[in-house]
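Each chain, written out:
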Amino acid sequence: MQRIYENILLDHLDRLSQMAFLAGPRQVGKSTIAQHILQQKTGIYLNWDILTDRALILSGHRNIMLKHAPSRLGETLPITVLDEIHKFKDWKNYLKGFYDDCKNLTKILITGSSRLDIFLKGGDSLMGRYFPYAVHPLSVSELIKLTPPRALLSDPCQIADQDWQTLWQYGGFPDPFIQNNKNFFNQWQNLRHQQLFKEDIIDLSQVSDIAQLEVLALMIQAQASQIVQYTSLGKAIRSSDQTIRRWLDLLESVYYCFRVRPWFNNVSRSLRKDPKIFLWDWSMVKNEGAKAENFIASHLRKSIDLWNQLGLGQFELFYVRDKEKNEVDFLVTREQQPWILAEVKKSPQQALSPTLAFFQKQLQAPHAFQINLDDDFVDANCFAHHHPILVPAKTFLSQI
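Residues numbered from 1 in each chain as written. Predicted model: local features only at pLDDT ≥ 70, side-chain atom pairs only at ≥ 80, totals over all residues. Heavy atoms only, no water.

Visitor: When you look at the pairing of strand β6 (residues 257-262) in this model, what are you seeing that I'm missing?
Guide: Successive side chains on a regular strand alternate, one facing one side of the sheet and the next facing the other. Taken across its six residues, β6 has five buried, putting it largely inside the fold. Here β6 runs beside strand β7 (residues 276-279); their pairing, made up of four bridges, is antiparallel. Counterpart to valine 260 in the pairing with β7 is lysine 276. (Buried < 20%, exposed > 50% of the residue type's maximum accessible area, 1.4 Å probe, protein only. Helix = DSSP H or I, 4+ residues; strand = E, 2+ residues; numbered from the N terminus. Pairing = 2+ DSSP bridges.)

Visitor: Is there a simple way to think about the pattern of salt bridges in this case?
Guide: Scanning all chains against the criterion turns up 24 salt bridges. In this structure, the salt-bridge partner of aspartate 249 is arginine 259, at a minimum N-O distance of 2.5 Å. With aspartate 249 in helix α13 (residues 241-253) and arginine 259 in strand β6, the pair connects residues that are ten residues apart, well separated along the chain. We classify aspartate 249 as partly exposed; its relative accessible area is 43%. Because the salt bridges share partners, they merge into one network encompassing Lys276, Glu293, Arg321, Glu327 and Asp329. (Salt bridge = Lys/Arg side-chain N within 4 Å of Asp/Glu carboxyl O.)

Visitor: For this particular structure, what's the right way to read the packing of aromatic side chains?
Guide: Describing an aromatic ring pair means giving the distance of the ring centres and the angle of the ring planes. Scanning all chains against the criterion turns up 24 aromatic pairs. Seen in terms of ring centroids, tyrosine 94 and phenylalanine 98 are 6.3 Å apart; in terms of plane orientation they differ by 85 degrees. Their pairing is edge-to-face. Here phenylalanine 98 and tyrosine 94 lie together in helix α5 (residues 91-102), a separation of four residues that amounts to about one turn. Note on accessibility: tyrosine 94 and phenylalanine 98 belong to one class, buried. A ring pair is formed by phenylalanine 369 and phenylalanine 383, whose centres lie 5.1 Å apart and whose planes are at 80 degrees; its orientation type is edge-to-face. Highlighted residues: phenylalanine 369 in strand β11 (residues 367-372) and phenylalanine 383 in the loop between β11 and β12 (389-392), separated in sequence by 14 residues. Note on accessibility: phenylalanine 369 and phenylalanine 383 belong to one class, buried. Through a chain of ring-to-ring contacts, the aromatic side chains of Trp307, Phe315, Trp339, Phe369, Phe383 and Phe396 assemble into a single cluster. (Phe/Tyr/Trp six-rings, centres within 6.5 Å; stacked < 30°, edge-to-face > 60°.)

Visitor: Could you clarify how one ought to interpret the packing of helix α10 (residues 182-204) against helix α11 (residues 210-222) in this entry?
Guide: The description of two packed helices rests on the angle between their axes and on the distance between the axes. Where α10 contacts α11, the two axes come as close as 11 Å, and the packing angle between them is 130 degrees. In terms of orientation, α10 and α11 fall into the oblique class. Between α10 and α11 lies a crossing whose hand is right-handed. Touching His193, Phe197, Lys198, Ile201 and Ile202 of α10 are Ile210, Leu213, Glu214 and Ala217, all from α11. When its residues are assigned to classes, the contact of α10 with α11 shows six nonpolar, one polar and two charged. (Axes fitted to C-alpha atoms, helices over the stretch in contact; angles between N-to-C directions. Parallel < 35°, antiparallel > 145°, perpendicular 65-115°, else oblique. Left-handed = near helix turned anticlockwise from the far one by under 90°. Contact = heavy atoms within 4.5 Å. Nonpolar A, V, L, I, M, F, W, Y, C, P; charged D, E, K, R; others polar.)

Visitor: Got a minute to help me understand α13 in this structure?
Guide: One full turn of an α-helix is made of 3.6 residues, so residues set three or four places apart face in the same direction. The end-to-end C-alpha distance of α13, which contains 13 residues, comes to 18 Å, matching closely the 18 Å that a straight helix rising 1.5 Å per residue would cover. Of all the residues in α13, the buried ones are Thr243, Ile244, Trp247, Leu248, Leu250, Leu251, Glu252 and Ser253. (Expected span 1.5 Å × (residues − 1).)

Visitor: I tried to follow the layout of surface pockets on my own but got confused; where do I start?
Guide: A water-sized probe, rolled over the atoms, reveals where empty space remains. Looking at the second largest pocket, its volume works out to about 250 Å³. Lining the second largest pocket are 21 residues; nearest its centre among them are Ser141, Lys145, Pro149, Leu306 and Ile400. Sorting the residues of the lining of the second largest pocket by element identifies α7 (140-144), α14 (288-309) and α16 (393-399) as the ones contributing at least two each. Among the elements that make up the lining of the second largest pocket, the one with the highest residue count is α14 (five residues). When grouped by side-chain class, the residues that make up the lining of the second largest pocket number ten nonpolar, seven polar and four charged. (1 Å grid on protein atoms, 1.4 Å probe; cavity = no way out; pocket = protein on both sides within 12 Å on 5 of 7 lines; lining within 4 Å. Points joined across faces, edges and corners; volume = space filled by probe spheres on them.)

Visitor: Please clarify how empty space enclosed by the protein should be interpreted in this entry.
Guide: One pass over the full model with this rule turns up three cavities of 30 Å³ or more. Its volume calculated, the largest cavity comes out at about 80 Å³. Around the largest cavity sit His136, Pro137, Leu138, Ser139, Phe258, Trp280, Trp282, Ser298, His299, Arg301 and Lys302, which together line it. The greatest single-element share of the lining of the largest cavity, amounting to four residues, is contributed by α14. Across the lining of the largest cavity, the residue classes tally to five nonpolar, four polar and two charged.

Visitor: So what exactly am I meant to see when it comes to the nonpolar core here?
Guide: The tendency in soluble globular proteins is for nonpolar side chains to be buried side by side. Of all hydrophobic cores here, the largest spans 43 residues; its most connected members are Phe295, Ile296, Phe330, Phe369, Leu373, Phe396 and Leu397. Here the element with the most residues in this core is α14; it accounts for seven residues. (Core = buried A, V, L, I, M, F, W, Y, C linked by side-chain atoms within 4.5 Å.)

Visitor: Help me understand helix α15 (residues 354-363) in this model?
Guide: By the burial criterion, the buried members of α15 are Thr355, Leu356, Phe359, Gln360 and Leu363. Down the axis of α15, the sector holding all buried residues measures 130 degrees, keeping them to one side. Exposed residues pointing more than 90 degrees away from the buried face of α15 are listed as Pro354 and Lys361. Packed against the buried residues of α15 are β8 (315-321), β9 (327-334), β10 (337-345) and β11. Residue glutamine 364 follows α15 closely and has a positive phi angle near 60 degrees. (Arc of directions from axis to C-beta.)

Dropping the structure here:
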C-alpha cells in the first residue's frame, strides 16, 4: 500500500542533503515505506535487529559504502536506510561520523519505532544534520490523495463509504485496514500489544513492573479523550503521581498515547495544567463519543505534524476549558495564534454548541466548527465561513 510519506521522503532525498529521520508507532509501515523507496532508488537497507546487518553497521560506514552498487554517471546518490539504529548505544556519534564523512556519497534515511526526538534531546550532536518526519496511521485525507500538501487546506473531496467505515472500525494502521476483517484485527491487536509491552518497553526502559504499566495502559484506554487525573490514576494502581507521569511519558515515547494541553491565553478563568489524553490507535476506544473525539484528535495531530515538518508554518494542538466548565474539544493554533476551534459530536444534526461562539469571541479564532461524525459529506468549503457552523467530519477531514 502506497503512503503519502513515500512522496514526502522522495522529495526530501532529491532536494536535501540532510538525513531524514522517520519515526512512528510499531506496525505503522515505516520499514515498508523505506523499502518502497528503495524500489525506486539505488540503495541498501540495514536493520539493527538483524545480526548480519548489525555486524556490517559496526564494521564502519566505509564498509557500508563498499556494499553500494556503483553509481552511473548522472545518477542520483544511492540511499542508505538504517532501521532501528537508535538501539545502538552510541548511535548519535555513529551517525554524525557517517554523515560528515559520506554526505556527498549517499543519502541517509533513518527509521525507528520509538520517538527518535526523545533520544535526540540533551546535547544534540546531530543538530543541522537531519530533518524529522513522523509517520501517522492512515487518515481521510491520505486515503483520498497521496500528494504531499503544498498548501494548508484542500478542496473538499468525498472519501469512499467503505474506506470511511473501515477507518472508523479498524483504525488507520495499514494491516488491519487492508484486511478489513474482525478476526485478523483481534489477532493483530493482541500481537501488537505483546510486542509493545514485552519487547519495546523492556528494551527502552527499566520498568520493573510491566504488569502494573499494562494496567495503566488499560485505564488510559478506558479514559481516552478525558482530562488526565494523575492522582486518581496513582491511587488506582497504588503508585505515586510522579510514577504515573513518568510512565505516561514512556507510553508516549512508544506511540501508545499522546496528550493535548489546555490553551489559556486570553481565556478568562481558564484551566491551565491538566492535559487530555488520546490513543494513537482510536480503534481501541470503546465508548462511541470518546472514540469520535479521539478520531478527530488523531487527524488533527497528523495534519499539524505534516504542516510543521513540511515548513508550512508553526502549528500546535490544544483544548479550551474554563473553571465554569465551558469547553471546546480542540483549538489549532497557527503561528501561536488561535486559528481553528473544533467541537466533536458523534450523532448527526445536533444543535450547534453555544461554547463555540463563546470561545470564538474571546479568542478571535477565524474558524469555529462543530464536527459531526455521522453527517453525510457536503461538497462545500467549510473554511469559507468565519462564524460557528456545523460541518460533516467527512468534509472537514478531507480539507486538512
